[in-house]
Amino acid sequence: MSTRITHELLRISPSCLSLGVVIPCHNNSWQLYGVLTSIAYQTVKPDAVVVVNDNSSPSEEFKLRFLCRNFGAIYTKLPAPRTRLETLGRRSHARNLGTKALDTDLILYLDGDMLLSPKYVEEVKHYNAVLPGIYIRGRRYSIPAARQAKGIDHCLSEVAKQQNPGAPLSPEYITAPIGFIGGAAYKAAYYDKWEWCASNNLSVRKNHALEIGCWDENFVGWGEEDMDFSFRLFQLGLTPILLTSEDANSYHLEHPIDHETNALTLKKNAKYLISKFPQIADDRKEAYARYNLNVEDLLRK
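Residues numbered from 1 in each chain as written. Predicted model: local features only at pLDDT ≥ 70, side-chain atom pairs only at ≥ 80, totals over all residues. Heavy atoms only, no water.

**Remarks on the packing of helix α1 (residues 29-40) against helix α6 (residues 152-160)**
Two quantities define a packed helix pair, namely the angle between the helix axes and the distance between the axes. Contact geometry of α1 with α6 gives a least axis separation of 10 Å together with a crossing angle of 30 degrees. Taken together, the axes of α1 and α6 lie roughly parallel to each other. Where α1 crosses over α6, the two elements pack in a sense that is right-handed. Two secondary-structure elements touch here, α1 through Trp30, Tyr33, Gly34, Thr37 and Ser38 and α6 through Ile152, Asp153 and Leu156. Residue composition of the contact of α1 with α6, grouped by class: four nonpolar, three polar and one charged. (Axes fitted to C-alpha atoms, helices over the stretch in contact; angles between N-to-C directions. Helix = DSSP H or I, 4+ residues; strand = E, 2+ residues; numbered from the N terminus. Parallel < 35°, antiparallel > 145°, perpendicular 65-115°, else oblique. Left-handed = near helix turned anticlockwise from the far one by under 90°. Contact = heavy atoms within 4.5 Å. Nonpolar A, V, L, I, M, F, W, Y, C, P; charged D, E, K, R; others polar.)

In structure tokens, the structure reads:
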């Protein structure tokens, strides 16, 4: 498994790489307006954007379709959930459906509540063109509800001016210390750890995603499908990279969270992940402890 980039820098023009965006959505038309607007503001536009509807209400589905038409995005939807657990979220299913709809060199997997800096796509394409065998995340910031109350356009304006409207944020089930930067790989690209590479903004070559079988659809609800995806890319020999430049920043539109349901699905997903890869138990121990999950219990059959 690769932990350091030892090859020479690639000599590929970023313009030669096509990039598509996959955005899973569930009842989030208000946030999606912001996401698609931030994509429309990009200095380098993606070649395609796919919005995947996961069991949104009829009124929300109408709004999602309307936004896709207005912004020139591809709209598609998952079939109805088959089980109660599937009603809690099918991010892996949505990302796989979006992946199938794209014919691009790179795929940016972007959550439906993430705004992008205006040069985000340009920056990601540049580093994917220069560095071999990588997958990339940008820094993630939080935009609290109080700031959102001024309107999504106000948030977009602050993002466009790179006046960070929030504070640095790490997802609660990822234990990367805020402000931690690994060793330098190249310019603003720094070595990351696979267990810190959450999927809220994650880009990878499509052929690498296909090589590992894309996203595991046994994960439903919240938690760990991105850890599984990242670890399998790492096993493939790819190097996780964190871009530290402001141009690669992303901004999370904070929203109410059902912590009880999240804890329930995290326990189920964590047990499944550890059953697949018991060798990573120690890597997830600290993160699980925040949810009163004991790795030793998860390892028991």
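**As for the environment of Val124**
Position of Val124 among the secondary structure elements: in helix α4 (residues 120-130). A residue is classified by how much of its surface remains accessible, and Val124, at 1% relative accessible area, is buried. Excluding residues within four positions of it along the chain, Val124 makes contact with Leu19, Ile136, Ser203 and Leu243. (Buried < 20%, exposed > 50% of the residue type's maximum accessible area, 1.4 Å probe, protein only.)

**Some details on the packing of aromatic side chains**
With the rule as written, the count across this model stands at ten aromatic pairs. Considering the side-chain rings of Tyr109 and Trp215, the 5.2 Å spacing of their centres and the 75 degrees angle between planes classify their relative orientation as edge-to-face. You can see Tyr109 sitting in strand β4 (residues 106-110) and its partner Trp215 sitting in the loop between α7 (206-211) and α8 (225-236), a full 106 residues away along the chain. As far as burial versus exposure is concerned, Tyr109 and Trp215 are alike and both buried. Centroid distance Trp215 to Phe229: 3.8 Å. Interplanar angle 5 degrees. Geometry classified as stacked. Of this pair, Trp215 sits in the loop between α7 and α8 while Phe229 sits in helix α8, placing them 14 residues apart in sequence. (Phe/Tyr/Trp six-rings, centres within 6.5 Å; stacked < 30°, edge-to-face > 60°.)

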